[in-house]
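Below are the chains, spelled out letter by letter.
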Amino acid sequence: MKRSIALTLTLLFLVVLVPTLSAQYNKDLVVQKMRSNGALVGQINTAVGAEDFYTSALRLMDLAANFKALQATDPPKGSKAEWERINGEAVRAAFRGVGACGAQDLEQLKAEVGAILALMKEGHAKFRG
């Protein structure tokens, strides 16, 4: 009898509590990171315009960190797989942008910033709109 009760309680824990331990939508985190991303994009655009590769690289790494943090939470709506794909691609585009900064390749840097902006637009259309 004790074993049956323990098994029932364990199953109840697994069914009820474990799903709530997953990375649920965290509105405060998402809002904070999105606002930060908006400011970072402005700083990156200014730095790119001035051909300031150092500042561009620093801000791109900040942007990558924000996208990585977003990737770890659930989306407010829509597909988790798409959420992870968009945020993951944004991280990789930011890394490629940092590489372009190291090579002082302005055209590649602009292309990667453009890719990030396109991913942000796609994400907003899928998860915010």
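Look up: the structure comes first, before these words.
Being a predicted model, the structure only gives us computed values, none of them experimental.

A. How the structure looks around the environment of proline 76. Mapped onto the elements of the fold, proline 76 is located in the loop between helix 3 (53-71) and helix 4 (80-103). When sequence neighbours within four positions are dropped, the list of residues in contact with proline 76 reads Tyr25, Trp83 and Phe127.

B. Structural detail: unusual backbone geometry. Despite not being glycine, glutamate 51 shows a phi value in the positive range, around 55°. Structurally, glutamate 51 can be placed in the loop between helix 2 (27-49) and helix 3. For glutamate 51, a relative accessible area of 49% puts it in the partly exposed group. At glutamine 104, a position not held by glycine, the phi torsion is positive, near 50°. Looking at the element boundaries, glutamine 104 is found in the loop between helix 4 and helix 5 (106-127). Among the residues examined, glutamine 104 registers a relative accessible area of 58% and is labelled exposed.

C. Spotlight on the packing of helix 2 against helix 3. The contact between helix 2 and helix 3 brings their axes to 9 Å, and the two run at 160°. With respect to their mutual orientation, helix 2 and helix 3 come out roughly antiparallel. Taken as a pair, helix 2 and helix 3 cross one another with a handedness that is left-handed. Residues Leu29, Val30, Lys33, Met34, Ser36, Asn37, Leu40, Gln43, Ile44, Ala47 and Val48 of helix 2 form the contact with helix 3, whose own contacting residues are Thr55, Ser56, Arg59, Leu60, Asp62, Leu63, Asn66, Phe67, Ala69 and Leu70. When its residues are assigned to classes, the contact of helix 2 with helix 3 shows 12 nonpolar, 6 polar and 3 charged.

D. Representation of helix 2 in the model. The end-to-end C-alpha distance of helix 2 is 33 Å, a good match for the 33 Å that 23 residues give at a rise of 1.5 Å each. Restricting attention to buried positions, one finds in helix 2 the residues Val30, Lys33, Asn37, Leu40, Val41, Ile44, Ala47 and Val48. Elements in contact with the buried residues of helix 2: helix 3, helix 4 and helix 5. Positioned one or two residues after helix 2, glutamate 51 has a phi angle of 55°, which is positive.

E. Examining the packing of helix 3 against helix 5 more closely. Where helix 3 contacts helix 5, the axes come no closer than 13 Å and their chain directions differ by 25°. Between helix 3 and helix 5, the interaxial angle falls into the category roughly parallel. Crossing hand, helix 3 versus helix 5: left-handed. Touching Phe53, Ser56, Leu60, Leu63 and Phe67 of helix 3 are Leu106, Leu109, Ile116 and Met120, all from helix 5. Looking at the contact of helix 3 with helix 5, its residues break down into 8 nonpolar, 1 polar and no charged.

About the criteria used
Residues numbered from 1 in each chain as written. Predicted model: local features only at pLDDT ≥ 70, side-chain atom pairs only at ≥ 80, totals over all residues. Heavy atoms only, no water. Helix = DSSP H or I, 4+ residues; strand = E, 2+ residues; numbered from the N terminus. Contact = heavy atoms within 4.5 Å. Buried < 20%, exposed > 50% of the residue type's maximum accessible area, 1.4 Å probe, protein only. Axes fitted to C-alpha atoms, helices over the stretch in contact; angles between N-to-C directions. Parallel < 35°, antiparallel > 145°, perpendicular 65-115°, else oblique. Left-handed = near helix turned anticlockwise from the far one by under 90°. Nonpolar A, V, L, I, M, F, W, Y, C, P; charged D, E, K, R; others polar. Expected span 1.5 Å × (residues − 1).

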